[in-house]
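# An overview of the molecular structure
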Amino acid sequence: MSNLPDEAFRDTIGTIDEGGKRKFIFPKKPSGKFYEYRKIVSYVLLAILIANPFIKINGNQFMMFNIIERRFNIFGFPFWPQDFYLFVISMLVGVVFIILFTVVFGRIFCGWICPQTIFLEMVFRRIEYWIDGDRGAQSRLARQEWNAEKIRKRLTKWIIFFLISFGIANVFLAYLVGSDTLFLMIEQGPVSQASNFIALLIFTGVFYFVFVWFREQVCIIACPYGRLQGVLLDNKSINVAYDFVRGEKENGRAKFNKKEDRALTGKGDCIDCHQCVHVCPMGIDIRNGTQLECTNCTACIDECDSIMDSVGLPKGLIRYASEDEIEKKEPFKFTARMKGYTAVLFILLSVFVGMLFLRTNVEAIILRLPGQLFQHKGDKISNVYTYKIVNKTMKYYSDIHFELIDQKGEISKVGEQHFKVAKEGISQGTLFIEIDEVLLESDKTKVKIGVYNGNELLETSTTNFLGPRSFN
């Protein structure tokens, strides 16, 4: 038998039949060391994912991505439209980290951390195993005529799946509009919160469609990260890999015969049992090499180790390894490419941390009113400005006022001189600045304005003050 992989897998995928129609996969229920580790990781991540939008730190939701109002909370830090550059940098940090992680460890993110995989494999499939049975039972049930048993199992599963999808949609909505708005919708009812309720029903339908029908197609067709895999991986990346050197040897794969010594016959350690294929949730044969569909879920590792143990052969025929480790016996090395991604990640993190320290809780924007010239008021020159005060915190400021810094003059606000800014609120209006003409050194002078709450300096803003041209 040839050591080369079957070329057929290159132009076909396990979820499409020869006629181009959707073919459902019925993977065998996985078990083993890695699967137990995955369950622990998955349920911890699920708990974090569900709890995130309902945890508050200093009154701020721990995680929120309110795109409509352009308000984002990350780890309890609020980001407003004025902080959008910080949000972009944080997203870049996440992308570069995932790229670096992929270059080093392959697509392990997909199999162990991705919410799509966790919900599908650790929630929906486990319920499916409980109702429909294991691989063989599911396959038989799919071919079975619609009798009382099939109707009962299908309705039970679909109802449970819908309820879970509805729960996921509520959590997802809490991330988008905030948990307070979600609780308000529950309290007031769907009629008074019609737009949010419609969004909830749409999200429920999307999740139900994905986890009942679309499933692994998300990873193959919709997810851009899977497409990046071919660009990011190389021979030194650690993947879930089949040791074809040991599995094939001189005479290729062969069924197990306990009466023969495979070392003497030159047969590979792979006994061609196809259990690694049956347990794969993506329907691929890992023995054909690294493939687009593989999510590094490790189900094939557990299954192969179990088979190897039962036939008295060493474990690790399928394992985490790089192609160079398998073919050339080269140990893992941190390559120049990996160092480059690490350097980029370090730079982005440094910039992000630095900008976080420079970020203020209150942002003041003070600009000259467009189209307005200065005015003479006796010996003084007056300019008119508009201001906007953005309170990014959950703190209430009750005594906001303006003062000139490093410049003698007066600031008079239209309306009350001392005003209030609500938590996560915005205050805007008009103010005048008057400075003695003799103090102006040119026709354009930089003035620094302090925004105070009582005696506490919250923020400073610099703007231009126009005056008559000086001929001194």
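Residues numbered from 1 in each chain as written. Predicted model: local features only at pLDDT ≥ 70, side-chain atom pairs only at ≥ 80, totals over all residues. Heavy atoms only, no water.

Let us now look at the side chain of Asn453. Counting through the fold element by element, Asn453 comes out in strand E15 (residues 444-453). Sequence-distant contacts of Asn453, defined by excluding residues within four places in its chain, comprise Tyr397, Ser398, Asp399, Ile400 and Leu458. (Helix = DSSP H or I, 4+ residues; strand = E, 2+ residues; numbered from the N terminus. Contact = heavy atoms within 4.5 Å.)

This next bit is on the UniProt feature "transmembrane region" (unreviewed entry) in the protein chain. According to UniProt, the "transmembrane region" (unreviewed entry) feature falls on residues 37-55, 84-110, 158-177, 197-214 and 338-358. Strand forms 0% of residues 158-177 and helix 100%; the C-alpha atoms that close the span are 28 Å apart. Between the first and last C-alpha atoms of residues 197-214 the distance is 24 Å; the span itself is 100% helix and 0% strand. (UniProt positions renumbered as here; feature names shortened; annotations may be inferred.)

The next subject is the packing of aromatic side chains. Two aromatic rings are characterised by how far apart their centres lie and by the angle between their planes. A full pass over the atoms with the stated rule returns 26 aromatic pairs. With a centroid separation of 5.2 Å and 50° between ring planes, the pair formed by Phe101 and Phe105 is classed as tilted. On the criterion of helical spacing, the pair formed by Phe101 and Phe105 is a turn pair, its members being four residues apart in helix H2 (residues 84-105). On the basis of relative accessibility, which here comes to 36%, the residue Phe105 falls in the partly exposed class. Taking 6.0 Å as the distance between ring centres and 70° as the angle between the ring planes, the aromatic pair formed by Phe162 and Tyr208 counts as edge-to-face. Residue Phe162 is located in helix H6 (residues 148-177), and its partner Tyr208 is located in helix H8 (residues 194-214); the two are separated by 46 residues in the primary sequence. Residue classification places Phe162 among the partly exposed positions, given a relative accessible area of 42%. Grouping aromatic residues by their ring pairs yields a cluster made of Phe119, Phe124, Phe161, Phe172, Phe203, Phe207 and Phe211. Over the aromatic face of Trp146 sits the side chain of Lys150, whose NZ or CZ is 4.7 Å from the ring centroid. The positively charged end of Arg359 is found above the aromatic ring belonging to Phe79, 5.5 Å away from the centroid. (Phe/Tyr/Trp six-rings, centres within 6.5 Å; stacked < 30°, edge-to-face > 60°. Buried < 20%, exposed > 50% of the residue type's maximum accessible area, 1.4 Å probe, protein only. Lys NZ or Arg CZ within 6 Å of the ring centre and 35° of its normal.)

Our next topic: the packing of helix H4 (residues 115-132) against helix H5 (residues 135-143). Two numbers describe how H4 lies on H5: the axes approach to 9 Å, and their chain directions differ by 75°. Between H4 and H5, the interaxial angle falls into the category roughly perpendicular. Packed against H4, whose contacting residues are Glu128, Tyr129 and Asp132, the element H5 presents Ala137, Gln138 and Leu141 at the interface. Of the residues that constitute the contact of H4 with H5, the class distribution is three nonpolar, one polar and two charged. (Axes fitted to C-alpha atoms, helices over the stretch in contact; angles between N-to-C directions. Parallel < 35°, antiparallel > 145°, perpendicular 65-115°, else oblique. Nonpolar A, V, L, I, M, F, W, Y, C, P; charged D, E, K, R; others polar.)

Looking now at a nonpolar patch on the surface. On the surface, Trp146, Ile151, Leu155, Trp158, Ile159, Phe162, Leu163, Phe166 and Leu201 cluster together into a nonpolar patch covering about 880 Å² of accessible area. Broken down by element, the nonpolar patch gets its largest block of residues, seven residues, from H6. Inspection of the secondary structure assignment puts Leu155 in helix H6. The class of Leu155 is partly exposed, set by a relative accessible area of 45%. (Patch = residues over 30% accessible without salt bridge, like charges linked within 9 Å, V, L, I, M, F, W, Y side chains within 5 Å. Areas by Shrake-Rupley, 256 points an atom, 1.4 Å probe, with all protein chains shown as cover. Salt bridge = Lys/Arg side-chain N within 4 Å of Asp/Glu carboxyl O.)

Taken together, three strands build an open sheet; the order of strands is E3-E4-E5 and the sheet is antiparallel. On the outer flanks of this sheet lie strand E3 (63-66) and strand E5 (77-79), each paired with one strand and no other. With direction set aside, neighbouring strand axes in the sheet form an average angle of 20°. Pairing analysis gives three bridges linking strand E4 (residues 71-74) to E5, with the strands arranged antiparallel. Bridge pairing links Ile74 to Phe77 in E5. (Pairing = 2+ DSSP bridges.)

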